[in-house]
Amino acid sequence: MTVVLAVGGIASAHSVALSRGVQLVHVRTHRHHTMLPPSHYFKVIDASHLANRELSQLKYVLKQVEGIAFDAILCLHDDSVVLGARLAEKIGLAFASVSTAKATVDKVLMRHILSNTNLGSVRYGVVVGGDVSWITDPPEGSVVLKPSTGRASVGVQVLPDIDSVQRVIGKDPFEFEGYLVEERKIGAEYSVESLLSSVGEWHGVTAKTTAGVIETGHVHPAPITEGEAWTIRSAAASALEYLGIKRGLLHTEVILDRQGVPHIVETHLRGGGDGILDLVKYATGLDLTDLYVDDLLNRLHDLPNAQIGRAASCQYSLPHSSGVLTGWSGIDEAKQCKGVVDIGTILSIGDWVQVEQQSSYTRLAWAIATANDGRLAQYRARKAVNAIVPHATKEKE
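So, how was this worked out
Residues numbered from 1 in each chain as written. Predicted model: local features only at pLDDT ≥ 70, side-chain atom pairs only at ≥ 80, totals over all residues. Heavy atoms only, no water. Helix = DSSP H or I, 4+ residues; strand = E, 2+ residues; numbered from the N terminus. Rg over C-alpha atoms; globule rule 2.2 N^0.38 Å. Contact = heavy atoms within 4.5 Å. Areas by Shrake-Rupley, 256 points an atom, 1.4 Å probe, with all protein chains shown as cover. Lys, Arg positive; Asp, Glu negative; His and termini not counted. Charge placed at Lys NZ, Arg CZ, Asp CG, Glu CD. Buried < 20%, exposed > 50% of the residue type's maximum accessible area, 1.4 Å probe, protein only. Pairing = 2+ DSSP bridges. Axes fitted to C-alpha atoms, helices over the stretch in contact; angles between N-to-C directions. Phe/Tyr/Trp six-rings, centres within 6.5 Å; stacked < 30°, edge-to-face > 60°. Lys NZ or Arg CZ within 6 Å of the ring centre and 35° of its normal. Polar contact = N/O pair within 3.5 Å; in protein donor to acceptor, adjacent residues only side chain to side chain. Parallel < 35°, antiparallel > 145°, perpendicular 65-115°, else oblique. Left-handed = near helix turned anticlockwise from the far one by under 90°. Nonpolar A, V, L, I, M, F, W, Y, C, P; charged D, E, K, R; others polar.

1. Digging into the overall build of the protein chain
Turning to step 1, where the next piece is worked out: Each helix and strand counted, the protein chain has eleven helices and 20 strands in total.
Turning to step 2, where the next piece is worked out: Scaling as 2.2 N^0.38, a compact globule of 397 residues should have a C-alpha radius of gyration of about 21 Å, and the protein chain matches this with 21 Å.
Turning to step 3, where the next piece is worked out: On the principal axes, the C-alpha backbone points of the protein chain span a range of 55 × 55 × 55 Å.
Turning to step 4, where the next piece is worked out: At a minimum sequence separation of 6, the contacts of the protein chain that also span at least 24 residues come to 63%.
Turning to step 5, where the next piece is worked out: By element, 50% of the accessible surface of the protein chain is carried by carbon and sulfur atoms, the whole surface being about 18,100 Å².
Turning to step 6, where the next piece is worked out: Taking the 37 positively charged and 43 negatively charged side chains of the protein chain as two groups, their mean positions are separated by 3 Å.

Given below as C-alpha cells:
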C-alpha cells in the first residue's frame, strides 16, 4: 500500500490521491484549511494548535509519524509548504528545499533572490523600525505596500510615491514592520500555471483583470499573441529555476509592461486559486492536480496534449453598496446563461457587504463560462455573474 503524507489543505487534492488507492496521513496545520471527513484518512495529526510555532509544530508532527514509512508528500497550501519542506527533509521525501519553500511565501526573500538575476527588474525596500530600508535605488512614481507573507490582497495598498509610504507607516510603525515596498509596474497582469514533472513540463498563461488590487476575472488561455505568451512563460520558467524549484504544481504572477518586458510579482508551490485550475481544465482538458498527484506516485508516464480551440473564464462581482446581506436573486437566471458551467457566491447571509474592498474574500459572487475564444468566454461569465444580485439592509443589526 502506498502511504502519502498530506501536509495542510487542500481537500480536493486529497480526494485525487485517495482515488488512486493510497493511504493518506493528514497533518492539519491550520484550522481554516479544507480537509475531508477524518474517516477518509489513515491517520489525522492535528497540529493546528501550534500553527504559529513552526519548530514546535515540526517536532510534534515528527513524533506522531514515528514508525510510518511514507512514499511521498503532498503539500499544496502556502501556509504549510515550509513545514512540508522541513518534514520532507527530515523523513527523506522528495519536495522543495526549506530555503525554496520560504522564498515562495516570503515576498521579500523572493525579491532578494531575483534581484541578482535578469528578473531583478523591480526596485524594492523593506519597512524596518518605522522607515523604509531600500535594497535597491528608491523607485520614482507609484509603489505597492504589502505584507511580505500575505495573500488574497489582504493589507495591500497602492500609493502614489515613497513619501506617501512614509506617511502611512508613520501612523503605526509596528503594524507595518517587515512589509515589502516595491515599485509598481504598469502593464497587463497574467498568471502562469506550471507543471514540472518527471516526464516533462507544461506552462499555460492566464489573463487577469483587476479593480485596484482586487482580482475581478481570469481568462485561460490568455487572448494574447504567441510572442507575448512565450515571453510570459519564459519569465515564469526562469523564476522557478532561480528559486530552485525543480518539480511541482506552481503558480507565478507576471506583469507585462507596455514595452513588452515581463516583471515577476510572486510565485507559489501550488496551483492558482480563484478557479484558475478549473479554467485550465475546461479550456485544455488538462487536470493539473490529477497529473501532479500521478507524478508524485510515479504513475505519470507522459504528459497528455492540451486541446486547442477552447477558452474558459471566471468573473467576479463587486458590491456597489454596503449593508448586511439578506439574500440573493438571479441565481437561476445566471445558471441559464449561454456557456455557463458553474456559478457560486462568496459571502454568506448575515455577512457585511462593503463597497471598499479589503481583499479577495469580500467579493460577492462568481461565474465560469466557456466559449471558442477567450473574449467570448469572458463576456459570458461577466453576463452571468452580473445577473446574481445581492440584497442587503443598509445598517448593521
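2. Points about the pairing of strand E10 (residues 187-197)
Turning to step 1, where the next piece is worked out: Taking burial as the measure, the eleven residues of E10 include eight buried ones, the bulk of the element.
Turning to step 2, where the next piece is worked out: Looking at chain direction, E10 and strand E13 (residues 248-257) are connected through ten bridges and run antiparallel. Directly across from Ala188, in E13, lies its bridge partner Leu256.
Turning to step 3, where the next piece is worked out: With nine bridges joining them, E10 and strand E11 (residues 200-211) adopt antiparallel strand pairing. Counted as the bridge partner of Glu193 is Gly204 from E11.
Turning to step 4, where the next piece is worked out: The hairpin turn running from E10 into E11, its antiparallel successor, is two residues long.

3. Things to note about the sheet that holds strand E14 (residues 262-268)
Adjacent strands of a sheet form backbone hydrogen bonds with each other and so pair up, either parallel or antiparallel.
Turning to step 1, where the next piece is worked out: Strand order in this open sheet of eight strands is E14-E13-E10-E11-E12-E15-E19-E17, and the pairing throughout is antiparallel. The sheet is open, and its two borders are formed by E14 and strand E17 (340-345), each paired with just one other strand. Sheet twist, expressed as the mean angle between neighbouring strand axes with direction ignored, is 20°.

4. A word on the packing of aromatic side chains
Turning to step 1, where the next piece is worked out: In the structure shown here, the tally under the stated rule is one aromatic pair.
Turning to step 2, where the next piece is worked out: Here Phe176 and Tyr179 contribute two aromatic rings whose centre-to-centre distance is 5.1 Å and whose plane-to-plane angle is 75°, an arrangement assigned as edge-to-face.
Turning to step 3, where the next piece is worked out: Sitting above the plane of the Tyr316 ring, Arg363 keeps its charged end 3.7 Å from the centroid.

5. Comments concerning unusual backbone geometry
Turning to step 1, where the next piece is worked out: Geometrically, the link from His220 to Pro221 is a cis peptide bond, its omega value of -10° lying close to zero.
Turning to step 2, where the next piece is worked out: The residue Pro221 is located in the loop between strand E12 (214-220) and helix H7 (226-242) in this model.
Turning to step 3, where the next piece is worked out: Its identity as a non-glycine residue notwithstanding, Asn298 has a phi of 60°, on the positive side.
Turning to step 4, where the next piece is worked out: Considering the arrangement of structural elements, one finds Asn298 in the loop between helix H9 (288-296) and strand E15 (311-316).

6. Some thoughts on the side chain of His218
Turning to step 1, where the next piece is worked out: If you trace the backbone, His218 turns up in strand E12.
Turning to step 2, where the next piece is worked out: Here Asp274 takes part through its side chain, which lies 2.9 Å from a polar atom of the side chain of His218.
Turning to step 3, where the next piece is worked out: Setting aside anything within four residues of it in sequence, one finds His218 in contact with Thr206, Ala207, Lys208, Asp274, Ile276, Leu279, Ala312, Ser313, Cys314, Gln315 and Tyr316.

7. Considerations on the packing of helix H2 (residues 54-64) against helix H3 (residues 81-91)
Turning to step 1, where the next piece is worked out: At a minimum axis distance of 10 Å, the contact between H2 and H3 shows a crossing angle of 45°. Relative to H3, H2 is oriented oblique. Of the two elements, H2 crosses H3, and the hand of that crossing is right-handed. Along its contact with H2, which presents Glu54, Leu55, Gln57, Leu58, Val61 and Leu62, the element H3 presents Val82, Leu83, Arg86, Leu87, Lys90 and Ile91.
Turning to step 2, where the next piece is worked out: The residue makeup of the contact of H2 with H3, split by class, is eight nonpolar, one polar and three charged.

8. So, the packing of H3 against helix H4 (residues 98-105)
Turning to step 1, where the next piece is worked out: Two elements in contact, H3 and H4, have axes whose closest approach is 8 Å; the angle formed by their N-to-C orientations is 175°. In terms of orientation, H3 lies roughly antiparallel with respect to H4. Here Val81, Val82, Ala85, Arg86 and Glu89 of H3 lie close against H4, whose contacting residues are Val98, Ala101, Lys102, Thr104 and Val105.
Turning to step 2, where the next piece is worked out: Residue composition of the contact of H3 with H4, by class: six nonpolar, one polar and three charged.

9. As for the pairing of strand E9 (residues 180-183)
Turning to step 1, where the next piece is worked out: Pairing geometry for strand E5 (residues 124-128) and E9, over three bridges, is antiparallel. Looking at the pairing, Gly125 lines up with Val181 of E9.
Turning to step 2, where the next piece is worked out: Of the strand pairs in this sheet, strand E7 (residues 143-146) and E9 are connected by four bridges, and their pairing is antiparallel. Along E9, the bridge assignment pairs Lys146 with Leu180.

10. Some details on the side chain of His263
Turning to step 1, where the next piece is worked out: Its place among the elements puts His263 in strand E14.
Turning to step 2, where the next piece is worked out: For His263, a relative accessible area of 4% gives the class buried.
Turning to step 3, where the next piece is worked out: Side-chain polar atoms of His263 contact the side chain of Ser121, separated by 2.6 Å.
Turning to step 4, where the next piece is worked out: Only 3.5 Å separates the side chain of His263 from the backbone oxygen of Val261, close enough to count as a polar contact.
Turning to step 5, where the next piece is worked out: Leave out the neighbours within four places in its chain, and His263 touches Ser121, Val122, Lys185, Glu253, Val254, Ile255 and Asp257.

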